[in-house]
Amino acid sequence: MEEVNKKNNHKIGSITVITGNMFSGKTGLLIAKYNQSKNYRKCLVFKPVLDNRYSETEIVSHDKDKIKAIPINSIQDIERYKDQGENIYIDEIHFFKEDVNTYLNNLANQNKEIVVAGGSEKYGSYCRFHYKPVSKTTPNKNKNSLIIIAGGSGTGKTTVEALLSQDPNITKLISTTTRPKREGEEHGKDYYFISKEEFETELEKGRFLEHVIYDGNYYGVHGKVIDLVLGTQRKNGVIIVDVEGFRQIKKYCQEKGYNAISYWFKSESMEKMVEHMKKRGTSEPEIIRRLIIEEKEGKFSSEFDYILTVKEGGLAEAVQEIKEKLKNYEVS
Ligand SMILES: Nc1ncnc2c1ncn2[C@@H]1O[C@H](COP(=O)(O)OP(=O)(O)OP(=O)(O)O)[C@@H](O)[C@H]1O
């Protein structure tokens, strides 16, 4: 499992360190991460004044990708700009000689998502970052977490969710729908079944964290469902969503002080994904449609806490990994 962001259960920021040898593509990756986030987060980019090899005011990768950057002399210069950004990108971090670790830890604890790129080990100790989030002033008393799962079709999300929810401490969050109840389905077990009018009223009030219209019916996740499981029942929850749903639910959890652990699911290969979809009886045109969605949404996989490549035949193993990780998030 790839850990994308070093975060703990307080969810108050992150530091992602991109390191490696010269010409290994560190700046290119930093630029890619910036491009992924720039349209929906306020982003600030910095570079050391000393690094004027290609440009004074731009970060330039070896592939000649470039983005505008603010040149700074000292890491502390970020102080003047920090309120204008939620995400902070710093290239060539090893050029700064002062204690960048302490400064960036403080910044991350102000809820900033930080990405730094730095040269190879021979340049010194820059890569010895240890992000130690401080306790929030109002510590999170809820030791339970919401497991948020997103990812491509046929990657095992539904199977893993079902296996996780067999655990008495993990509850699958129930969605709300306006579609008619089918035989055997139960209100509050399969879905909360409500009328179109009720759905639209709640939607207008902003109570749905995400919703879609499929086949003329609404489907959505109501905020009160998260409150019920994590707040009232004090259980862990699990939910499958798309990228936008993940963002809204993560934001809601942050506002409410609930822990959220997010996973982006992948299969070992695209062929395996297709094989799984075929096995399940998904039609060819639908497979193509889903692969296109996966390609589009997959660009945002780095926003998730973990990228989980589910090995072939490894669904139970994936469940175990998630459960193990869940233990680390429990606040005693
Ligand atoms: N890693 C895996 N190894 C073996 N079989 C798998 C694996 N991942 C998924 N499958 C199989 O593929 C099928 C589809 O899995 P599942 O419905 O859990 O995927 P999904 O990610 O929820 O897809 P969708 O988003 O389309 O609903 C199931 O039959 C499941 O058993």
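Residues numbered from 1 in each chain as written. Predicted model: local features only at pLDDT ≥ 70, side-chain atom pairs only at ≥ 80, totals over all residues. Heavy atoms only, no water.

K.L.:
I'd like to hear about the packing of aromatic side chains, residue by residue, with values.
P.N.:
Two measures describe an aromatic ring pair: the distance that separates the ring centres and the angle between the ring planes. Within the structure shown, the criterion is met by 10 aromatic pairs. Arranged with centres 5.9 Å apart and planes meeting at 65°, the rings of tyrosine 191 and phenylalanine 193 form a pair that is edge-to-face. Residue phenylalanine 193 is classed as buried on the basis of its relative accessible area of 16%. Seen in terms of ring centroids, phenylalanine 246 and phenylalanine 304 are 3.9 Å apart; in terms of plane orientation they differ by 20°. Their pairing is stacked. Here phenylalanine 246 is found in helix α6 (residues 243-256), whereas its partner phenylalanine 304 is found in the loop between α8 (284-298) and β17 (306-310), with 58 residues between them in sequence. The same class applies to phenylalanine 246 as to phenylalanine 304, namely buried. What links up through ring pairs into an aromatic cluster is the set Tyr191, Phe193 and Tyr219. The ring of tyrosine 40 carries arginine 247 above its face, with NZ or CZ at 4.0 Å from the centroid. In this structure, arginine 247 is placed above the aromatic ring of phenylalanine 300, and the distance from its NZ or CZ to the ring centre is 4.7 Å. (Phe/Tyr/Trp six-rings, centres within 6.5 Å; stacked < 30°, edge-to-face > 60°. Buried < 20%, exposed > 50% of the residue type's maximum accessible area, 1.4 Å probe, protein only. Helix = DSSP H or I, 4+ residues; strand = E, 2+ residues; numbered from the N terminus. Lys NZ or Arg CZ within 6 Å of the ring centre and 35° of its normal.)

K.L.:
Now, about helix α9 (residues 315-328): what can you tell me, with residues and values included?
P.N.:
Its 14 residues place the ends of α9 21 Å apart at the C-alpha level, agreeing with the 20 Å of an ideal helix rising 1.5 Å per residue. Within α9 the residues assigned to the buried category are Ala318, Val319, Ile322, Lys325 and Leu326. The buried residues of α9 occupy an angular sector of 130° when the element is viewed end-on, so they sit on one face. Exposed and oriented more than 90 degrees from the buried face of α9 are Ala316, Lys327 and Asn328. (Expected span 1.5 Å × (residues − 1). Arc of directions from axis to C-beta.)

K.L.:
Can you lay out the sheet that holds strand β7 (residues 87-90) for me, pointing to particular residues and giving the numbers?
P.N.:
With parallel pairing, the 5 strands of this open sheet are ordered in space as β2-β8-β7-β3-β6. The open sheet is flanked by β2 (14-19) and β6 (70-72), the only strands paired with a single partner. Ignoring strand direction, the axes of neighbouring strands in this sheet form an average angle of 20°. Sheet topology note: the β7/strand β8 (residues 113-118) ladder contains 4 bridges and is parallel. Following the sheet pairing, tyrosine 89 is matched in β8 by valine 115. (Pairing = 2+ DSSP bridges. Axes fitted to C-alpha atoms, helices over the stretch in contact; angles between N-to-C directions.)

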